[in-house]
Amino acid sequence: MSASGGASSKDEISSSRRSSLSANRSPSMVLGPRLSSVKIINPTSLFVPSKLTSEVFSTENPPLDWADAGLLIPHEAIRRQMAMMIQSVNAMSDSPEDKEAWKLTLFSKWYIEYLYESVHEHHDAEEKIYFPWMITKTTIPEKEFGQSHEELMSAMAEIKQCCAEIIKKGGKGCSAQVATLKEKVPKFDVDMRAHLKEEEETVPALLRENFTHEEEGQIVEQILQAGGLGLAKKFLPAVLLAAQEWTTDAFYADFVGSIPPPIKHLVDKYFLPDFENVVMIMRDAPTLASEPKLKRVPCCGIPFCFPCLI
């Protein structure tokens, strides 16, 4: 599998957004895979350290348990998406021709609709749910997590504005916007990776010393509920595709097996196929030679179809 998470799938909270997501929430149903379902007895049988993109964990310093894996699950997905984002921005012509406007517009839509939303929700969940939970029992070292979140979100907002300008112009006459992307995206990538590294260096030890695996699982479930099916549709496929690379078949089987059947049906039949056949192509558009024909999985046609509603 490539670092993009592009191989075929296996048998498969910003307060301002909460009201819009509430319709997709199911308070009585688990909305994603549960790490607590994975029996971590022998870490070497569950993780593939050589496939990690982390600057903290590696073959020399492999992840050991739930405290390490809990951060790697979202972080590995984010880093892999960012790597492909960099590849696409590097592939953009400094003076793009109008006939290739589709490359810029598809990439811009991907950034706004998927990466921006996913990362924004991830950081909001940390600020509003995860870190407040942690400080009920411990003190998070002042490494400016809060401030770095603000700076990262500000940088993402600037990139989003640039992408919005590209979409408004239909991808034509966008040399200035491309120049902005080539300036801001690599810097954001560096800053984001440094931030994720900081968390991976600090948080796992605090979790082990002050919380149980079960307690952490409960707070993660709160985060999943806050994001709802809408966020699961956008981010869960990236998480699963990344996990196929850095975890073993045993881990992945337990992890995916913990998804409730109704949600797994959506993941297998809609979320993953659409992510691989539409979302990833939008992301990679600047690297493509010809304009793709994007086709999402067709709706089942019944009233109140879940994939249509979310």
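Note that the coordinates shown come from a computational prediction; the quantities given were computed from them, not determined experimentally.

Rules behind the numbers
Residues numbered from 1 in each chain as written. Predicted model: local features only at pLDDT ≥ 70, side-chain atom pairs only at ≥ 80, totals over all residues. Heavy atoms only, no water. Phe/Tyr/Trp six-rings, centres within 6.5 Å; stacked < 30°, edge-to-face > 60°. Buried < 20%, exposed > 50% of the residue type's maximum accessible area, 1.4 Å probe, protein only. Helix = DSSP H or I, 4+ residues; strand = E, 2+ residues; numbered from the N terminus. Lys NZ or Arg CZ within 6 Å of the ring centre and 35° of its normal. pLDDT = per-residue confidence, 0-100. Contact = heavy atoms within 4.5 Å. Expected span 1.5 Å × (residues − 1). Bend = angle between axes of the 7 residues up to and from the residue.

## Looking at the packing of aromatic side chains
And then number 1: One pass over the full model with this rule turns up nine aromatic pairs.
And then number 2: With a centroid separation of 6.1 Å and 45° between ring planes, the pair formed by Trp246 and Phe251 is classed as tilted. Side by side, Trp246 and Phe251 carry an identical accessibility label, which is buried.
And then number 3: Arranged with centres 5.6 Å apart and planes meeting at 40°, the rings of Phe251 and Phe255 form a pair that is tilted. Of the two residues, Phe251 and Phe255 are both situated in helix H7 (residues 249–257); the distance of four residues between them amounts to about one turn of the helix.
And then number 4: Of the residues examined, Phe251 reaches a relative accessible area of 0% and is grouped as buried.
And then number 5: The class for Phe255 is buried, based on a relative accessible area of 2%.
And then number 6: Through pairs of rings, three or more aromatic residues link up here, namely Phe47, Trp246, Phe251 and Phe255.
And then number 7: One cation-aromatic arrangement involves Lys234 over Tyr114; the distance from NZ or CZ to the ring centre is 5.1 Å.

## Examining the confidence of the model for the chain
And then number 1: Predicted confidence across the chain gives a mean pLDDT of 86, with 80% of residues reaching 70 or more.
And then number 2: Within the chain, the lowest mean pLDDT, 38, falls on helix H1 (residues 15–21), and the highest, 97, falls on helix H2 (residues 66–91).
And then number 3: Low pLDDT, under 50, characterises residues 1–28; the predicted model gives this stretch 68 contacts beyond four residues in sequence or across chains.

## Looking at the environment of Thr212
And then number 1: Following the sequence through the fold, Thr212 ends up in the loop between helix H5 (175–210) and helix H6 (213–246).
And then number 2: By relative accessible area, Thr212 is classed as partly exposed at 37%.
And then number 3: Taking the C-alpha atoms as reference, Thr212 lies 9.2 Å from Ala67; in sequence the two are 145 residues apart.

## What about H5?
And then number 1: Across its 36 residues, H5 extends 52 Å between first and last C-alpha, which sits within 8% of the 52 Å expected from 1.5 Å per residue.
And then number 2: Approximately 30° is the largest bend angle found in H5, and it occurs at Val203, with the proline Pro204 only one to four residues beyond.

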